[in-house]
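One-letter residues, chain by chain:
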Amino acid sequence: MCDKVKIDANPIMMGECMEAFKDGNVKEGRRLIKEFLQSIEDSGQDHCNCKEPCMYHGKCKECVLQHRGGMDHLPFCFRDMVNERIERLSALTEHSLKERI
Ligand code: SF4
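Draft legend 1. Up close: the site of the ligand. Neighbouring residues of the ligand: His47, Cys48, Cys50, Tyr56, Gly58, Lys59, Cys60, Cys63, Val64, Pro75, Phe76 and Cys77. For the shell around the ligand, the per-class residue count stands at nine nonpolar, two polar and one charged.

Draft legend 2. Broad picture of unusual backbone geometry. Even without glycine at this site, Met71 takes up a positive phi of about 50°. Secondary-structure assignment places Met71 in the loop between helix H3 (60–70) and helix H4 (79–90). Residue Met71 is classed as exposed on the basis of its 6 C-beta neighbours within 10 Å. Of note, the phi angle at His95 is positive, near 55°, even though the residue is not glycine. As for its position among the elements, His95 is in the segment after H4. By the C-beta count within 10 Å, which is 11 here, His95 ends up exposed.

Draft legend 3. Looking closely at the domain arrangement of the protein. Domain assignment breaks the protein into domain 1 (1–47) and domain 2 (48–101). Here domain 1 and domain 2 have C-alpha centroids that lie 22 Å from each other.

Draft legend 4. Highlighting the environment of Asn49. In this structure, Asn49 sits in the loop between helix H2 (26–43) and H3. Residue classification places Asn49 among the exposed residues on the basis of 12 C-beta atoms within 10 Å. Remark: the alpha-carbon pair of Asn49 and Glu94, spanning 45 residues in sequence, is separated by 30 Å. Apart from the residues lying within four places of it in its own chain, the contact partners of Asn49 are Phe76 and Cys77.

Draft legend 5. Examining H3 more closely. Along H3, only zero of the 11 residues are buried, which leaves the element largely exposed. A positive phi of about 50° marks Met71, the residue just after H3.

Draft legend 6. Region of interest: the packing of helix H1 (residues 11–22) against H2. As a packed pair, H1 and H2 sit with axes 7 Å apart at the nearest point and diverge in direction by 155°. When the interaxial angle is binned, H1 and H2 end up roughly antiparallel. Of the two elements, H1 crosses H2, and the hand of that crossing is left-handed. Residue-level inspection shows Ile12, Met13, Glu16, Cys17, Ala20 and Phe21 of H1 in contact with H2, the latter providing Val26, Glu28, Gly29, Leu32, Ile33 and Phe36. A breakdown of the residues in the contact of H1 with H2 according to their chemical character gives nine nonpolar, one polar and two charged.

Draft legend 7. Expanded view of the environment of Ile7. Residue position: Ile7 is located in the segment before H1. You can call Ile7 partly exposed: it has 16 C-beta atoms within 10 Å. Distance in space between the C-alpha atoms of Ile7 and Lys98 is 29 Å, their sequence separation being 91 residues. Residues within four places of Ile7 in sequence aside, it is in contact with Ile40 and His47.

Cut-offs applied
- Residues numbered from 1 in each chain as written.
- Predicted model: local features only at pLDDT ≥ 70, side-chain atom pairs only at ≥ 80, totals over all residues.
- Near = placed C-beta within 6 Å.
- Nonpolar A, V, L, I, M, F, W, Y, C, P; charged D, E, K, R; others polar.
- Helix = DSSP H or I, 4+ residues; strand = E, 2+ residues; numbered from the N terminus.
- Buried ≥ 20, exposed ≤ 12 C-beta atoms within 10 Å, placed from the backbone.
- Domains from an automatic or database assignment.
- Contact = placed C-beta atoms within 7 Å.
- Axes fitted to C-alpha atoms, helices over the stretch in contact; angles between N-to-C directions.
- Parallel < 35°, antiparallel > 145°, perpendicular 65-115°, else oblique.
- Left-handed = near helix turned anticlockwise from the far one by under 90°.

Set out below in structure tokens:
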């Protein structure tokens, strides 16, 4: 067991890794992804942040496939990423969208 890894908004993945791909250094980008995934594996932490008591907790393949099948909403772990972007767009109308929801 190693230290817990910051999965969401990981500074290396958002920084060095994205930069490597933008610079066309695919090899380095992929190396950093591999290192990121391995560090999560080595940490032994629960990578799933969903709180629902679900038999598919942490089983990403099954989770994503059933969400795709239902086409109703995204898996829990994607919400922060999507909400962050929606929040920025919503600011364009001073968040008046919430009055219509
Ligand atoms: S895809 Fe599903 S199982 Fe995997 S981390 Fe996200 S919510 Fe959890």
